[in-house]
Amino acid sequence: KGPAESIRFPDRTSHIGKLINDYLLSTKETENTSDQTIHLLFSANRWEAAKDIETKLNNGVTLVCDRYAYSGVAFSSAKNVPGMDLDWCRTCDRGLPSPDCIIYLDMPVENAAQRGDFGNERYEKIDFQKQVREKFMALKKGDEDASLVPWHTIDAQQSIENISEQINNIVDNVMEAVKEKPIRKLFTD
Ligand code: TMP
Ligand code: MG
């Protein structure tokens, strides 16, 4: 099937990524960072990787990405800041290499909150996470209505084995469907 690599956003290792990390940890230096500013930094963190992503895809590497622009839109729009509607939030990511599919690992927010270190970072609050989930559902519906990026929702409360089997099936189909297709640009049609 060819080589595959995993990547993730935010990429906290870059200079911009370090600023994002500080923001998520609510450091003193970031206490006055506006919602618009951090939204644009998350986007810039993707743009600084865009060339690399395209090169890899053009060389036949399959990329599996843990969060991307849709997280940017869902989290920022869930803040309900006047002016930061879905459209505003999408604009700065327009033209990035588009994903070929989105796999949304879904579970009740209350259950997610029992996992790992939930609560340590800025957005890890149950009420806010519920709003974010609503935004993801709205984005998914919008993409379905417009036949844009195909979404797959997986029940993330299943065993790791079941989840990975389902993801494998989805990915096999998507890889077959897109193997000769050019890279699409996000949010352009
Ligand atoms: P992580 O937990 O996957 O490292 O993501 C860090 C947090 O940043 C998580 O709460 C989701 C949020 N986020 C945004 O607000 N905007 C973005 O563009 C991305 C990629 C993540
Ligand atoms: Mg996290």
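Here, the structure is the one placed above.
Criteria and cut-off values
Residues numbered from 1 in each chain as written. Chains lettered and ligands numbered in written order. Predicted model: local features only at pLDDT ≥ 70, side-chain atom pairs only at ≥ 80, totals over all residues. Heavy atoms only, no water. Axes fitted to C-alpha atoms, helices over the stretch in contact; angles between N-to-C directions. Helix = DSSP H or I, 4+ residues; strand = E, 2+ residues; numbered from the N terminus. Parallel < 35°, antiparallel > 145°, perpendicular 65-115°, else oblique. Left-handed = near helix turned anticlockwise from the far one by under 90°. Contact = heavy atoms within 4.5 Å. Nonpolar A, V, L, I, M, F, W, Y, C, P; charged D, E, K, R; others polar. Polar contact = N/O pair within 3.5 Å; in protein donor to acceptor, adjacent residues only side chain to side chain. Buried < 20%, exposed > 50% of the residue type's maximum accessible area, 1.4 Å probe, protein only. Pairing = 2+ DSSP bridges. 1 Å grid on protein atoms, 1.4 Å probe; cavity = no way out; pocket = protein on both sides within 12 Å on 5 of 7 lines; lining within 4 Å. Points joined across faces, edges and corners; volume = space filled by probe spheres on them. Near = heavy atom within 4 Å. Areas by Shrake-Rupley, 256 points an atom, 1.4 Å probe, with all protein chains shown as cover.

Enquirer: What is the right way to read the packing of helix H1 (residues 15-24) against helix H2 (residues 35-58) from this model?
Expert: How two helices pack is summed up by the angle between their axes together with the distance between the axes. Put simply, H1 and H2 touch, their axes get as near as 9 Å, and they point 140° apart. If you check the angle between H1 and H2, you find them oblique. H1 and H2 meet at a crossing whose hand is left-handed. Between H1, through Ile16, Gly17, Leu19, Ile20, Tyr23 and Leu24, and H2, the contact on the second element is made entirely by Asp35, Ile38, Leu41, Phe42, Ala44, Asn45 and Glu48. Residues that form the contact of H1 with H2 fall into these classes: nine nonpolar, two polar and two charged.

Enquirer: Quick question: what am I supposed to make of the side chain of Asn45 here?
Expert: Note that Asn45 resides in helix H2. Within the structure, Asn45 has its side chain in polar contact with the backbone nitrogen of Asp11 (distance 2.8 Å). When sequence neighbours within four positions are dropped, the list of residues in contact with Asn45 reads Phe9, Pro10, Asp11, Ser14, Ile16, Gly17 and Ile20.

Enquirer: Where do I start with the pairing of strand S1 (residues 4-8) in this structure?
Expert: It is a general feature of regular strands that their side chains alternate between the two faces of the sheet. Burial analysis of S1 places just zero of its five residues in the buried class, a small minority of the element. Two strands pair when backbone bridges link them, and S1 and strand S2 (residues 62-66) are joined in this way by five bridges, in the parallel orientation. Of the residues in S2, the one forming a bridge with Ile7 is Cys65.

Enquirer: Sorry, what's going on with the layout of surface pockets here?
Expert: Picture a little ball the size of a water molecule; that probe, rolled over the atoms, points out where space is still empty. For the second largest pocket, the calculated volume is near 150 Å³. What lines the second largest pocket is Ile7, Arg8, Phe9, Asp11, Asn45, Glu48, Ala49, Asp52, Ile53 and Lys56. Breaking the lining of the second largest pocket down by element, the ones donating at least two residues are S1 and H2. At six residues, H2 tops the list of elements feeding residues into the lining of the second largest pocket. Partitioned by chemical class, the residues of the lining of the second largest pocket number four nonpolar, one polar and five charged.

Enquirer: Hey, could you run me through the site of ligand 1 in this one?
Expert: Neighbouring ligand 1 are Arg8, Phe9, Pro10, Arg12, Leu24, Phe42, Arg46, Arg67, Ser71, Gly72, Phe75 and Tyr123. Arg67 places a polar side-chain atom, nitrogen or oxygen, 2.6 Å from an oxygen atom of ligand 1. At 3.3 Å from an oxygen atom of ligand 1 is found a main-chain nitrogen or oxygen belonging to Gly72. The fraction of the free accessible surface of ligand 1 (480 Å²) that becomes covered by protein chains is 92%. Counting only elements with at least two residues in the shell around ligand 1, the list comes to H2 and helix H3 (69-77). Ranked by the residues each element gives to the shell around ligand 1, the list is headed by H3, at three residues.

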